[in-house]
Amino acid sequence: MAHDLSALTPAYLAFWDEYFMPTLTTLRADGTPHVVPVGVTFDAGQRIARVITRKDSTKVKNILAAGPGGAAVAVCQVDRGRWATLEGLARVRTDAESVADAVRRYAARYGRTPTPNPDRVMIEIAVTKALGRA
């Protein structure tokens, strides 16, 4: 079920604040999906989902391989009959301010601050579609 990004329900938004390990799907060069568990934060006002990760991860490599326009990706989380998917274009951000902001948001959602990592980057997803039954 598709949702209007400008009118997401409180229940849908609350679902993205609960403690879940969603999955991120990127596409490999051969077009096959690469699906991995990640921590995700979603800012509905900015229509941005954020994932922190290592710069040498496969998901980062897949996004960078798509070129400067970004890569089509999806993040999804499921809890029994409730589910939510955010689709959009992902780009990798390496600047310290963006990465620190993503770490703060992660800590707020997941209740712990990740160990400092000099290889940390942030995947920024410009959300274009919201789906689900949350």
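Residues numbered from 1 in each chain as written. Predicted model: local features only at pLDDT ≥ 70, side-chain atom pairs only at ≥ 80, totals over all residues. Heavy atoms only, no water.

Student: What am I meant to see in the overall build of the chain here?
Tutor: The helix and strand inventory of the chain stands at three helices and eight strands. Beginning at the N terminus, the succession of helices and strands in the chain can be written as β-α-β-β-β-β-α-β-β-α-β. The globule rule puts the C-alpha radius of gyration for 134 residues at 14 Å, and the 14 Å found for the chain is close to it. Principal axes of the C-alpha set define a box for the chain whose edges measure 35 × 35 × 25 Å. Looking at the 134 residues of the chain, the share that counts as buried comes to 44%. Contacts in the chain between residues at least 24 apart in sequence constitute 69% of all its contacts with a sequence separation of at least 6. Per element, the accessible surface of the chain, about 7,100 Å² overall, is 54% carbon and sulfur. Taken as two groups, the 18 positive and 13 negative side-chain charges of the chain have centres that lie 3 Å from each other. (Helix = DSSP H or I, 4+ residues; strand = E, 2+ residues; numbered from the N terminus. Rg over C-alpha atoms; globule rule 2.2 N^0.38 Å. Buried < 20%, exposed > 50% of the residue type's maximum accessible area, 1.4 Å probe, protein only. Contact = heavy atoms within 4.5 Å. Areas by Shrake-Rupley, 256 points an atom, 1.4 Å probe, with all protein chains shown as cover. Lys, Arg positive; Asp, Glu negative; His and termini not counted. Charge placed at Lys NZ, Arg CZ, Asp CG, Glu CD.)

Student: What exactly am I supposed to notice about the UniProt feature "domain: Pyridoxamine 5'-phosphate oxidase N-terminal" (unreviewed entry) in the chain here?
Tutor: Look at the UniProt record and you will see "domain: Pyridoxamine 5'-phosphate oxidase N-terminal" (unreviewed entry) annotated at residues 8–130. The straight-line gap between the two end C-alpha atoms of residues 8–130 is 8 Å; of that span, 24% is helix and 42% is strand. (UniProt positions renumbered as here; feature names shortened; annotations may be inferred.)

Student: What should I look at first to understand helix H3 (residues 96–110) in this one?
Tutor: Along an α-helix, residues three or four positions apart point the same way, because every turn accommodates 3.6 residues. For H3, built from 15 residues, the straight-helix expectation of 21 Å at 1.5 Å per residue is met to within 8% by its first-to-last C-alpha distance of 21 Å. Within H3, burial applies to Ser98, Val99, Ala102, Val103, Tyr106, Ala107, Arg109 and Tyr110. As for H3, its buried residues are in contact with helix H1 (10–15), strand E4 (41–43), strand E5 (48–54), strand E6 (71–79), strand E7 (82–93) and strand E8 (120–133). Positive backbone phi, approximately 75°, marks Gly111, located one or two places after H3. (Expected span 1.5 Å × (residues − 1).)

Student: Is there a simple way to explain unusual backbone geometry in this structure?
Tutor: Excluding glycine, a negative phi dihedral is what most residues carry, and trans is how most peptide bonds are arranged. Here Arg47, not a glycine, exhibits a phi torsion of approximately 60°, which is positive. Within the element layout of this structure, Arg47 appears in the loop between E4 and E5. With a phi angle near 55°, Arg80 is a residue other than glycine that sits in the positive phi range. Along the polypeptide, Arg80 turns up in the loop between E6 and E7.

Student: How should the packing of aromatic side chains be read in this particular structure?
Tutor: For any pair of aromatic rings, geometry is given as the distance between the ring centres together with the angle between the planes. Within the structure shown, the criterion is met by four aromatic pairs. Here the aromatic rings of Phe15 and Phe20 are separated by 5.2 Å at their centres, their planes lie at 55°, and the arrangement is tilted. On the accessibility criterion, Phe20 (15% relative accessible area) is buried. Taken together, a centroid distance of 4.7 Å and an interplanar angle of 35° make the contact between Tyr106 and Tyr110 tilted. Taken together, the residues span about one helical turn, with Tyr106 and Tyr110 both in helix H3 at a distance of four residues. The class of Tyr106 is buried, set by a relative accessible area of 9%. Taken together, Tyr19, Tyr106 and Tyr110 form an aromatic cluster joined through their ring pairs. (Phe/Tyr/Trp six-rings, centres within 6.5 Å; stacked < 30°, edge-to-face > 60°.)

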